[in-house]
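# Examination of the molecular architecture
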Amino acid sequence: MCGIVSYYGKKDSVPFLINGLRRLEYRGYDSAGIALMEDGSIKAVKKAGKVDELDKKIKEFPIKGHIGIAHTRWATHGEPNDINAHPHQDKSGKIFLIHNGIIENYSTLKEVLIRKGFQFKSQTDTEVLPHLFMKYIKLGNNLLQAGRLVLKDIRGAFAFVAMSLDFPDQLFVSRNSSPLAIGIG
Ligand code: GLU
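Starting from 1, residues in each chain are numbered consecutively following that chain's sequence as written. In view of the model being predicted, local features appear only for residues whose pLDDT reaches at least 70, and side-chain atom pairs are presented and counted only at 80 or more, with totals across whole chains, interfaces and linings using the full set of residues. Working from all heavy atoms in the structure, the side-chain values ignore hydrogens and water.

## Quick word on the overall build of the protein chain
- Scanning the protein chain for helices and strands turns up five helices and eight strands.
- Where helices and strands are cited, they refer to DSSP runs of H or I of at least four residues and of E of at least two residues respectively, numbered from the N terminus. Written out in order from the N terminus, the α and β elements of the protein chain read β-α-β-β-α-β-β-β-α-α-α-β-β.
- Projected onto its principal axes, the C-alpha positions of the protein chain cover 40 × 30 × 30 Å.
- Across the 185 residues that make up the protein chain, the buried fraction comes to 50%.
- Accessible surface, the protein chain as shown: approximately 9400 Å² in total, 52% of it carbon and sulfur.
- For the charge count, each Lys or Arg is scored as positive and each Asp or Glu as negative, with His and the chain ends excluded. One atom stands in for each charge, and that atom is NZ of Lys, CZ of Arg, CG of Asp or CD of Glu. Taking the 26 positively charged and 19 negatively charged side chains of the protein chain as two groups, their mean positions are separated by 4 Å. Under the scheme applied here, a residue whose accessible area is under 20% of the maximum for its type counts as buried, over 50% as exposed, and between as partly exposed, the area being computed with a 1.4 Å probe on protein chains only. Per-residue and other accessible areas follow the Shrake-Rupley method at a 1.4 Å probe size, with only the shown protein chains counted as cover for residues.

Okay, here's the thing in structure tokens:
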């Protein structure tokens, strides 16, 4: 099983997120990634391999932000490589999302999204989620409303966290049969 960590606060989130991923390493994983929101954009770094390698890459190409999401992946759909590593994003780069578990009906959802013109970059089941979020946001929903509609579309055991440039003061988190803890400090 993999791990997800997110941070919303006043400090730079990188140390919190990397430390959180390290604490979840015992669960086993094959790749790791992080996305941070800062100054009107979201930047992601993803890497097959260990959290140490992700940390090294972040030190080479520094990113920072006070809102962030981070993930260790245990591949179920698509090989463990940099592209399939989380976070996954929509085409506009406004929605980024990390996910644990399996979206059981992803192939049907993917077919429908492709017919509507959405383009997929990874082989994961996860990637349907950011595209579904964007579909509903484009229809005029806020992040919370879009997330609720996404939940009606999907089946499976999962936990996920989504962030959106259009709603910079929010994170959408959800779980079904997978654990997810929220801390307020
Ligand atoms: N099913 C997703 C994937 O293959 C998430 C796997 C996980 O729980 O890490 O990317």
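We are not done yet, so read on.
## Focus: helix H4 (residues 128-138)
- With nine of eleven residues buried, H4 lies mostly within the body of the structure.
- A contact between two residues is defined here by any heavy atoms of the two lying within 4.5 Å. Turning to H4, the residues buried within the fold contact strand S5 (88-89), strand S6 (95-101), helix H3 (106-115), helix H5 (143-153), strand S7 (158-164) and strand S8 (171-176).
- One or two residues past the end of H4 sits Gly 140, with phi positive at roughly 105 degrees.

## Some words on the site of the ligand
- In the region of the ligand, 14 residues are neighbours, and Cys 2, Arg 73, Thr 76, His 86 and Asp 125 sit closest.
- Between an oxygen atom of the ligand and a side-chain N or O atom of His 86, the distance comes to 2.7 Å.
- Throughout this description, a polar contact denotes any pair of N or O atoms lying within 3.5 Å of each other; where both atoms belong to protein, one of them has to be capable of donating a hydrogen while the other can accept it, and for residues adjacent in sequence the pair is counted only when both atoms sit in side chains. Side-chain polar atom of Asp 125 to a nitrogen atom of the ligand: 2.7 Å apart, as the coordinates give it.
- When the ligand sits alone it has 300 Å² of accessible area, and the protein chains cover 98% of it.
- Listing elements by their share of the shell around the ligand, those giving two or more residues are strand S4 (67-73) and S6.
- No other element matches the three residues that S6 contributes to the shell around the ligand.
- In this count, Pro and Cys sit with the nonpolar residues alongside Ala, Val, Leu, Ile, Met, Phe, Trp and Tyr, while Asp, Glu, Lys and Arg are called charged and the others, Gly among them, polar. Taken together, the residues of the shell around the ligand break down into three nonpolar, nine polar and two charged. Near residues are defined by distance, with any heavy atom within 4 Å of the molecule or strand qualifying the residue.

## A short note on the pairing of S4
- Within S4, seven of the seven residues are buried, leaving the element largely enclosed by the surrounding structure.
- Residue alternation in S4 divides its side chains into two sets, Ile 67, Ile 69, His 71 and Arg 73 and Gly 68, Ala 70 and Thr 72, and both sets are buried.
- In this scheme, strands are said to pair when DSSP sees at least two bridges between them. Examined bridge by bridge, strand S2 (residues 31-38) and S4 share seven bridges and lie antiparallel to one another. From the neighbouring strand, Ala 32 faces S4, where its bridge partner is Thr 72.

## Things to note about the packing of helix H1 (residues 14-23) against helix H2 (residues 51-60)
- Interhelical geometry of H1 versus H2 gives an angle of 165 degrees and a closest axis separation of 10 Å. Taken together, the axis directions place H1 and H2 in an arrangement best described as roughly antiparallel. Of the two possible hands of crossing, H1 and H2 adopt the one that is left-handed. Between H1, through Val 14, Ile 18, Leu 21 and Arg 22, and H2, the contact on the second element is made entirely by Val 51, Asp 52, Leu 54, Asp 55 and Ile 58.
- Looking at the contact of H1 with H2, its residues break down into six nonpolar, no polar and three charged. Axis geometry follows a simple rule: fit a line to the C-alpha atoms, using only the stretch in contact for helices, then measure angles between N-to-C directions, giving values from 0 to 180 degrees. What sets the label is the angle itself: under 35 degrees gives roughly parallel, over 145 gives roughly antiparallel, 65 to 115 gives roughly perpendicular, and the rest give oblique. Crossings are assigned a handedness: left-handed for a near helix turned anticlockwise from the far helix by less than a right angle, right-handed for a clockwise turn.

## With respect to the packing of H3 against H4
- Interhelical geometry of H3 versus H4 gives an angle of 50 degrees and a closest axis separation of 10 Å. Between H3 and H4, the angle falls in the class oblique. As H3 runs across H4, the sense of the crossing is left-handed. Taken together, the residues of H4 that come into contact with H3 (itself represented by Tyr 106, Leu 109, Lys 110 and Leu 113) are Val 128, His 131, Leu 132 and Lys 135.

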